[in-house]
Amino acid sequence: MAELSISFDKASFNLLAVQRAAYDNKNTVGCAISQTENKIVITLTSSNNSPKELEEKLRASVLDHQLRLSLEKDFSTIRTLLVSKAIESSVDLTTLGNEENCV
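Residues numbered from 1 in each chain as written. Predicted model: local features only at pLDDT ≥ 70, side-chain atom pairs only at ≥ 80, totals over all residues. Heavy atoms only, no water.

Chemist: Sorry if this is basic, but what is going on with helix H2 (residues 51–90) here?
Modeler: What sets the pattern is the α-helix's 3.6 residues per turn: residues three or four places apart point alike. With 40 residues, H2 should reach 58 Å at 1.5 Å per residue; the first-to-last C-alpha distance of 51 Å falls well below that figure. Along H2, the sharpest kink reaches roughly 65°, centred on phenylalanine 75. (Helix = DSSP H or I, 4+ residues; strand = E, 2+ residues; numbered from the N terminus. Expected span 1.5 Å × (residues − 1). Bend = angle between axes of the 7 residues up to and from the residue.)

And the structure:
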């Protein structure tokens, strides 16, 4: 069984990104996540994959999730406004409180 520990610098990576990547790979590897003051450490165990393959797959997944989190943070206000406007224009808010229009 292959066991591999991979460290991520907290200055660059968020714990949530690491957790999401671990969740994505839950069916193929076992994992444990721990933290130090400056690092997030994930320990992977697998009987099917090589350590190099595990590391490449996990690092790519963590990077993907970190990018998603960064984009969510940067554009969440714009996204919320767009969704609100889309809902507002597709729903006649004046009829929501009117019981006569309910089916």
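Chemist: What's the story with the packing of aromatic side chains in this structure? I'm lost.
Modeler: Aromatic ring pairs are described here by two measures, namely the spacing of the ring centres and the angle between the planes. The tally for this structure, following the rule as stated, stands at 1 aromatic pair. Considering the side-chain rings of phenylalanine 8 and phenylalanine 13, the 5.3 Å spacing of their centres and the 70° angle between planes classify their relative orientation as edge-to-face. On the accessibility criterion, phenylalanine 8 (1% relative accessible area) is buried. Looking at phenylalanine 13, the relative accessible area reads 22%, which means it is partly exposed. Geometry around phenylalanine 8 places arginine 59 over its ring, the cationic atom sitting 5.1 Å from the centre. (Phe/Tyr/Trp six-rings, centres within 6.5 Å; stacked < 30°, edge-to-face > 60°. Buried < 20%, exposed > 50% of the residue type's maximum accessible area, 1.4 Å probe, protein only. Lys NZ or Arg CZ within 6 Å of the ring centre and 35° of its normal.)

Chemist: Looking at this structure, how should I read the pattern of salt bridges?
Modeler: Oppositely charged side chains are able to pair whenever their charged atoms sit close together. Inspection of the entire model under this criterion finds 3 salt bridges. In this structure, the salt-bridge partner of glutamate 72 is arginine 20, at a minimum N-O distance of 4.0 Å. Placement of the pair is glutamate 72 in helix H2 and arginine 20 in helix H1 (residues 15–24), with a sequence separation of 52 residues. Of the residues examined, arginine 20 reaches a relative accessible area of 29% and is grouped as partly exposed. Among the ionic pairs, glutamate 55 bridges to arginine 59, the shortest N-O distance being 2.9 Å. Placement of both glutamate 55 and arginine 59 in helix H2 is noted, with a separation of 4 residues, approximately one turn of the helix. Judged by relative accessible area, which is 35%, arginine 59 ranks as partly exposed. (Salt bridge = Lys/Arg side-chain N within 4 Å of Asp/Glu carboxyl O.)

Chemist: Help me understand the sheet that holds strand E1 (residues 2–9) in this model?
Modeler: Think of a sheet as strands paired side by side through backbone hydrogen bonds, with each pair either parallel or antiparallel. Read from one edge to the other, the open sheet built from 3 strands follows the order E1-E3-E2, with strand pairing classed as antiparallel. If you trace the sheet from one side to the other, it starts and ends with E1 and strand E2 (30–35), each paired once. Across this sheet, the average inter-strand angle for adjacent strands is 15°, counted without regard to direction. Relative to strand E3 (residues 39–46), E1 runs antiparallel, the two sharing 8 bridges. Within E3, the position partnered with leucine 4 by the bridge is leucine 44. Across the sheet, H1 is in contact with E1, E2 and E3; its angle to E2 comes to roughly 170°. Sitting on the sheet, H2 is in contact with E1 and E3, with an inclination near 30° to E1. (Pairing = 2+ DSSP bridges. Axes fitted to C-alpha atoms, helices over the stretch in contact; angles between N-to-C directions. Contact = heavy atoms within 4.5 Å.)

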